[in-house]
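What follows is the residue order along each chain.
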Amino acid sequence: MLDGIVFAVCDLGFVARCALEDDDGGEIRLSKIERIIEECKFGIHDLSAVAVDPAIDLPRFNMPLELGLFLGCKRFGANSQRKKKCLILDSDRYRYRNFISDIAGQDLHAHGGQPREAIIEVRDWLAGASGRKLLPGGAEVSVRYERFRADLPAFCARVQRDPADLIFVDLSEMVSIWPKADR
């Protein structure tokens with residue numbers, strides 16, 4: 001799911017940001033997330049990964065925490081922070097009620113666990129939230145994502161990378177240069 005969302009963001013001319021963009025053991029992870037949130041006008045939060053981890057019998061709540069930080073920054077930050085906009089995604093539009101019911105009243109968008117649907121949701125939201133004109137439609141971005149995925153093994157082989165081992169910065173780079181690459 002993350003790959004499809006990152007692809008859509010980059011393909012539409014925006015910059016994908018994530019705590020994984022900078023592997024600095026000297027920076028506290030929460031501080032890094034706070035810094036990225038402060039620097040970004042837009043935020044995309046996919047809650048679909050919230051599920052019980054059978055090894056510890058508890059769910060991972062990283063994304064709801066990050067969403068809460070984003071909403072808090074929007075609510076209590078300076079004027080520039082109050083202009084932030086976010087897209088909240090989940091596999092089902094009402095699933096959040098089971099684990100984070102306090103966000104009732106927020107507009108959530110469902111992707112049904114399908115990258116294609118997430119890409120369409122991201123595209124449509126970015127078109128409205130950013131005000132950018134003439135963005136390609138979500139179906140077209142989804143088709144390009146499938147072409148990117150098909151091209152990725154050969155593209156990675158040319159730069160001596162394994163598609164299964166791409167870290168966030170590698171994926172972002174590959175998406176950014178893919179349209180310009182000789183295919």
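Sequence order as written defines the numbering, with residues in each chain counted from 1. Residues qualify for local features only when their pLDDT is at least 70, as the model is predicted, and side-chain atom pairs are given and counted only at 80 or more; totals for whole chains, interfaces and linings, by contrast, use all residues. Excluded from the side-chain calculation are hydrogens and water; included are all heavy atoms of the structure.

**Some thoughts on the sheet that holds strand β4 (residues 85-90)**
Next, step 1: With respect to topology, three strands assemble into an open sheet ordered β1-β4-β5, the strand pairing being parallel. Two strands bound the open sheet, and with one partner strand each, they are β1 (42-46) and β5 (108-110). Ignoring strand direction, the axes of neighbouring strands in this sheet form an average angle of 25 degrees.
Next, step 2: In this analysis, strands are considered paired if DSSP registers two or more bridges between them. Only DSSP runs of H or I reaching four residues or more are called helices, and only runs of E reaching two or more are called strands; each is numbered from the N terminus. Bridging between β1 and β4 involves five bridges; their strand directions are parallel. Bridge pairing links histidine 45 to isoleucine 88 in β4.
Next, step 3: This element, helix α5 (residues 115-130), spans β1, β4 and β5 of the sheet and lies at about 165 degrees to β4. With axes taken as lines fitted to C-alpha atoms, and helix axes fitted only over the stretch in contact, angles between N-to-C directions fall between 0 and 180 degrees. It only takes one pair of heavy atoms within 4.5 Å for two residues to be counted as in contact.

**Re unusual backbone geometry**
Next, step 1: Of note, the phi angle at aspartate 57 is positive, near 60 degrees, even though the residue is not glycine.
Next, step 2: Structurally, the position occupied by aspartate 57 is in the loop between β2 (52-53) and β3 (58-59).
Next, step 3: Phi is positive for glutamine 160, close to 55 degrees, though the residue is something other than glycine.
Next, step 4: Among the secondary structure elements, glutamine 160 is positioned in the loop between α6 (138-158) and α7 (168-177).

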